[in-house]
Amino acid sequence: MQNTPEQPRCLHCHRPLRSAKSIALGYGPTCARKIRRAPVDTSGYKPHQIASARELIEDAAIIPLRSIVFVAVSSDGTETYKTAPNACSCPAGVKGSRCYHQLAARMLLAA
Ligand SMILES: [Zn+2]
Ligand SMILES: [Zn+2]
């Protein structure tokens, strides 16, 4: 059983995406705005980490997997990590550091 071939859907609300821009971004315009304005506590994060988290979202390099777990692509694109708001399988995350993947997950969950 398959749905009609690969209708691109918003990663956040799963509605079909129509514009090329939305498809490239992975989110519809409303969800993109919500994510950008998500009320997330970024204290404890450095500005470059906050920028990296936003970039990760804008590049659609962090994808929901199930409930609060996401799959994030490493910055060089060679690896993927499992990311939750308080845990991540990246080298920094396994050492217990707060990586920007976790911040991106929080932004997505707060939107
Ligand atoms: Zn949406
Ligand atoms: Zn991480």
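Residues numbered from 1 in each chain as written. Chains lettered and ligands numbered in written order. Predicted model: local features only at pLDDT ≥ 70, side-chain atom pairs only at ≥ 80, totals over all residues. Heavy atoms only, no water.

Here we take up the nonpolar core. Counting 23 residues, the largest nonpolar core has Tyr 27, Leu 56, Ile 57, Ile 62, Leu 103, Met 107 and Leu 108 as its most contacted members. The set of elements that each furnish at least two residues to this core consists of α2 (29–36), α3 (47–58), β2 (69–73) and α5 (100–110). The element best represented in this core is α5, accounting for 6 residues. Not counting residues up to four positions away in its chain, the partners in contact with Leu 103 are Val 40, Thr 42, Tyr 45, Gln 49, Ile 50 and Ala 53. (Core = buried A, V, L, I, M, F, W, Y, C linked by side-chain atoms within 4.5 Å. Buried < 20%, exposed > 50% of the residue type's maximum accessible area, 1.4 Å probe, protein only. Helix = DSSP H or I, 4+ residues; strand = E, 2+ residues; numbered from the N terminus. Contact = heavy atoms within 4.5 Å.)

Here we come to the coordination of the zinc ion (ligand 2). Perfect tetrahedral coordination of a metal by four donors corresponds to 109.5 degrees between them, and perfect octahedral coordination by six donors corresponds to 90 or 180 degrees. Each protein donor to the zinc ion (ligand 2) is listed here as Cys 88 (SG), Cys 90 (SG), Cys 99 (SG) and His 101 (ND1); together their distances run 2.0 to 2.3 Å. One way to put it: the 4 donor atoms around the zinc ion (ligand 2) meet at angles of 106 to 113°, and that makes the site tetrahedral. (Donors = N, O, S within 2.8 Å, 3.2 Å for Na, K, Ca; no water. Tetrahedral: all angles 85-135°; square planar, octahedral: opposite > 155°, others 65-115°.)

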